[in-house]
Amino acid sequence: MRQLFTPLLAMALAGSAWLALPARAASTADTTTRLVVKYKTQALAASTERARTRVKALAEAAGVELSALRQTATGATVYTLAAPLTLARARQVAARVAADASVAYALPDVRVKATALPSDTYASSQWSLRESSSFTGAANLFAAWPSSSSRIVVAVVDTGLLAHPDLTSNQIGGYDFISDSTMAGDGDGRDADPTDVGDYCDDEGTDSSWHATGVAGLIAAEANNAYGVAGGAANHARILHARALGRCGGYLSDVADAVVWSAGGSVSGVPTNTTPARVINLSLGAEAGTSCYAYLQEAVDEAVSRQAVVVVAAGNDGATSVGAPANCSDVIAVGAHTVGGDLASYSNHSADVTLTAPGGGSCMLLTSCDSRATYTIGNTGTRSAGTMSELTGFAGTSAATPHVAAAAALLLAVDDSLTPAQVRSLLVSTAASHPSGTYCANNAGQCGAGMLDAQAAVAALQTPVVTISGSSVVAGSATVTLTASVSGVDSGYSYAWTQVSGPSVTLNGAATSSLSFTAPATKGTPMVFKVVVTSSAGQSGSSSWTVSVNNPATADLPDRWTATAGTAFSTELEGSDADGDTVYFTLVSGPSGMTVSDNVLGWDNPVEGTYSVVLAVSDDADADVSDATQVTVTLTVSAAGSSSTADEDGGGGGGALHWSALLALALGLVWRRAAR
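About the criteria used
Residues numbered from 1 in each chain as written. Predicted model: local features only at pLDDT ≥ 70, side-chain atom pairs only at ≥ 80, totals over all residues. Heavy atoms only, no water. UniProt positions renumbered as here; feature names shortened; annotations may be inferred. Helix = DSSP H or I, 4+ residues; strand = E, 2+ residues; numbered from the N terminus. Polar contact = N/O pair within 3.5 Å; in protein donor to acceptor, adjacent residues only side chain to side chain. Contact = heavy atoms within 4.5 Å. Buried < 20%, exposed > 50% of the residue type's maximum accessible area, 1.4 Å probe, protein only. Pairing = 2+ DSSP bridges. Phe/Tyr/Trp six-rings, centres within 6.5 Å; stacked < 30°, edge-to-face > 60°. Lys NZ or Arg CZ within 6 Å of the ring centre and 35° of its normal. Axes fitted to C-alpha atoms, helices over the stretch in contact; angles between N-to-C directions. pLDDT = per-residue confidence, 0-100. Disulfide = S-S within 2.5 Å. 1 Å grid on protein atoms, 1.4 Å probe; cavity = no way out; pocket = protein on both sides within 12 Å on 5 of 7 lines; lining within 4 Å. Points joined across faces, edges and corners; volume = space filled by probe spheres on them. Nonpolar A, V, L, I, M, F, W, Y, C, P; charged D, E, K, R; others polar.

- Going by what an unreviewed UniProt entry lists, the chain is known as Serine protease and is assigned to Rubrivivax gelatinosus.
- According to its UniProt record, the chain has this under Sequence similarities (unreviewed entry): "Belongs to the peptidase S8 family."

## Thoughts on the side chain of Arg278
Reasoning step 1: Inspection of the secondary structure puts Arg278 in the loop between helix H6 (252–262) and strand E12 (279–282).
Reasoning step 2: Among the polar contacts listed, one links the side chain of Arg278 to the backbone oxygen of Leu418, at a separation of 2.9 Å.
Reasoning step 3: With sequence-adjacent residues up to four places away left out, Arg278 is seen in contact with Ile152, Val153, Gln307, Ala308, Val309, Leu412, Asp416 and Leu418.

## What to know about the pairing of strand E15 (residues 332–337)
Reasoning step 1: Among the six residues of E15, six are classified as buried, and the element is accordingly described as predominantly covered.
Reasoning step 2: Because side chains alternate across E15, one face comprises the buried residues Ile332, Val334 and Ala336, and the other comprises Ala333, Gly335 and His337, equally buried.
Reasoning step 3: Inspection of the sheet shows strand E14 (residues 309–313) paired to E15 by three bridges, in the parallel sense. Looking across to E15, one finds that Ala313 is bridged to Val334.
Reasoning step 4: Pairing analysis gives four bridges linking E15 to strand E16 (residues 355–358), with the strands arranged parallel. Considered in E16, the bridge of Gly335 is made with Thr356.

## Considerations on the packing of aromatic side chains
Reasoning step 1: Across all of its chains, the model carries eight aromatic pairs by this definition.
Reasoning step 2: When the ring of Tyr175 is compared with that of Trp261, the centres are 6.0 Å apart and the planes differ by 45°; the resulting orientation is tilted. Residue Tyr175 is found in strand E9 (residues 171–176), and its partner Trp261 is found in helix H6; the two are separated by 86 residues along the sequence.
Reasoning step 3: Look at Trp561 and Phe569: their rings are 6.2 Å apart centre to centre, the planes differ by 55°, and that puts the pair in the tilted class.
Reasoning step 4: One aromatic cluster is present, built from ring pairs that chain together Tyr175, Phe177 and Trp261.
Reasoning step 5: Geometry around Tyr200 places Arg383 over its ring, the cationic atom sitting 3.8 Å from the centre.

## A few points about the sheet that holds strand E28 (residues 569–572)
Reasoning step 1: Strand order in the open sheet made by the three strands is E28-E32-E31, with antiparallel pairing throughout. Two strands lie at the open edges of the sheet, namely E28 and strand E31 (595–597), each paired on one side alone. Ignoring strand direction, the axes of neighbouring strands in this sheet form an average angle of 20°.
Reasoning step 2: Bridge count between E28 and strand E32 (residues 600–603): four bridges; the pairing is antiparallel. When the sheet's bridge partners are listed, Ser570 is paired in E32 with Gly602.

## Structural notes on helix H5 (residues 211–220)
Reasoning step 1: With 10 of its 10 residues buried, H5 lies for the most part within the structure.
Reasoning step 2: Within H5, the full set of buried residues consists of His211, Ala212, Thr213, Gly214, Val215, Ala216, Gly217, Leu218, Ile219 and Ala220.

## Details of the confidence of the model for the chain
Reasoning step 1: Residues with a pLDDT of 70 or more make up 85% of the chain, whose mean pLDDT is 86.
Reasoning step 2: Here residues 1–26 is a poorly scored stretch, pLDDT under 50, and it has 174 contacts once near neighbours within four places are set aside; other chains count.

## Here's the deal with the environment of Glu572
Reasoning step 1: Relative to the assigned elements, Glu572 resides in strand E28.
Reasoning step 2: Spatially, the C-alpha atoms of Glu572 and Asn599 are 6.2 Å apart, while their sequence positions differ by 27 residues.
Reasoning step 3: With residues up to four places along the chain from it excluded, the contact list for Glu572 reads Asn599 and Val600.

## A closer look at the state of the cysteines
Reasoning step 1: Enumeration over the complete set of coordinates arrives at four disulfides.
Reasoning step 2: Across the disulfide from Cys292 sits Cys328; the S-S distance is 2.0 Å. Judged by the sign of its S-S torsion, about 95°, the bond between Cys292 and Cys328 is right-handed. Pair noted here: Cys292 is in the loop between strand E13 (284–285) and helix H7 (294–305) and Cys328 is in the loop between E14 and E15, with a separation of 36 residues, a long-range link.
Reasoning step 3: Looking at Cys328, the relative accessible area reads 5%, which means it is buried.
Reasoning step 4: What links to what in the chain: the bonded cysteines, counted in sequence order, pair as 1-2, 3-4, 5-6, 7-8.

## With respect to empty space enclosed by the protein
Reasoning step 1: By the definition in use, this model includes one cavity of 30 Å³ or more.
Reasoning step 2: Here the largest cavity defines a volume of roughly 30 Å³.
Reasoning step 3: Considering the residues around the largest cavity, the lining is formed by Thr72, Thr74, Ser253, Ala256, Asp257, Val260, Tyr295 and Ala299.
Reasoning step 4: Listing elements by their share of the lining of the largest cavity, those giving two or more residues are H6 and H7.
Reasoning step 5: Residue contributions to the lining of the largest cavity peak at four residues, all from H6.
Reasoning step 6: In terms of residue class, the lining of the largest cavity is made up of four nonpolar, three polar and one charged.

Quick look at the structure:
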């Protein structure tokens, strides 16, 4: 099963089930000579002798001859077939292999192609990178360039590097991951030279595309050098080339290893990448409908775990589905739209598409269609490299994808702490709506969140997020301080505090991060304050805060109460409030069985002992007990029949005899004795 990934020149090959295609002679894209097998135990894959034994057994079970070629970055083994198999037959063989108890998965090694279409006539200006006010489908990339001087490494997994004058200062080398020497076309397999020697395909009658150079130009062609074009991220990006596409395309397993290595992961036999990419551009794919095989998803997972944003072309089949890698989890899948914002007629579209970006070409619905291609750099050679071109038309989802990769690089140039999920969220949340009457406007859910708007995404990131801290309820005449904190990427913020409503107060520090003022003496209408924070780039954020004056309620209670064990105890709780609010008492802690109801403290069956009764006194403004003033009163419970000072102490209770009763009892005894 020799499925090829090729530049989106022919990404129409990206995923439809092969069996669903019309009957025709098998082409190189319909066959494969490789299987990818992963064992359930790494020890089995690591042992050469045991691996050979397993290969022989698997080959016999599948009825084909297999031989081990290499290990992938994620621990699978790539096997070569003695003869090419159709994709249908290769899937059958893989299924037989996968049935073995020792195998985690067995899958065809899919051939992929670059996803660019043949160049159409191009305009003399880079409409796709300009302002959307002039070109509806433009991505506002020029307007998004930040003041930051940070440069983000963007890996282009594609046909390899050309020393183009418009890229020289923004390219940092790379590695050649093509493991098939014939496909590599440079005399060997994998090596440290990522040079693009041409990807022409005699079997399909196609010339060399210099695809990676076109992609790299859209991302990082040098700006302001009086030559050629400017890239979407221009001097904010550096291009790392991972060559995975050669003569007639490339293998998906090579693409998977290139993805892992580009993000800084380890690939057996390949030197460590010392300049890991934060963005990986994949303007390639298999036919629409081709699954995201496990070994590719593992590679994407590894890259994302290393904080790389993986941006993938949706494909050029004009299909209602996408293929691998665009249907892998955690990638940004990019469809293509035209100058007028209609879906390009060739662009795949489905729920897997994240958003669309400028790809140029013909329209899906609009009858009056500006079909210009996007604009980048290239080379005139048809087989080997020829003259470098300053201006080259470039259309397809291959062209759309680097627009998004450039926007991701700009976001990371502003804030390199962003995660891949946060980058995706910013691009999605700021995408512009597709124009009314276009295919995407009429078919919700087929084109993602909308059209790329790089300027809006960067502006959203640069907009200060303002948080105010301070007290929301204060006592009369208190000194109040409110502090604004900013979450953003700028360091030169300006502050402007104002009072929006409520009793007027004098503001101190209104042009600083901390505002202070003296609160009114008495309760009144709540005061609302607002702060506007502006970055040095002119982006503003704001927040508001409400402050209310409330003078706390006070308790009018004795220091202690007394009671008698076994005799019900109750006492009315009294308090006052300077603002005239109703006073409430709440029992915070006390002996078991004690309650407060309607400001009356009660205990039906007191138990002898000394207790601390903690009460919260509050008014209408206190949100809960923790906001209220707390008072503590000591309660002494005496045994029944003992002396008591309850009346002297103002408590309620009973059980102890008063002195006057004792005197009357004594006199009565004396009288009774005298009477005898």
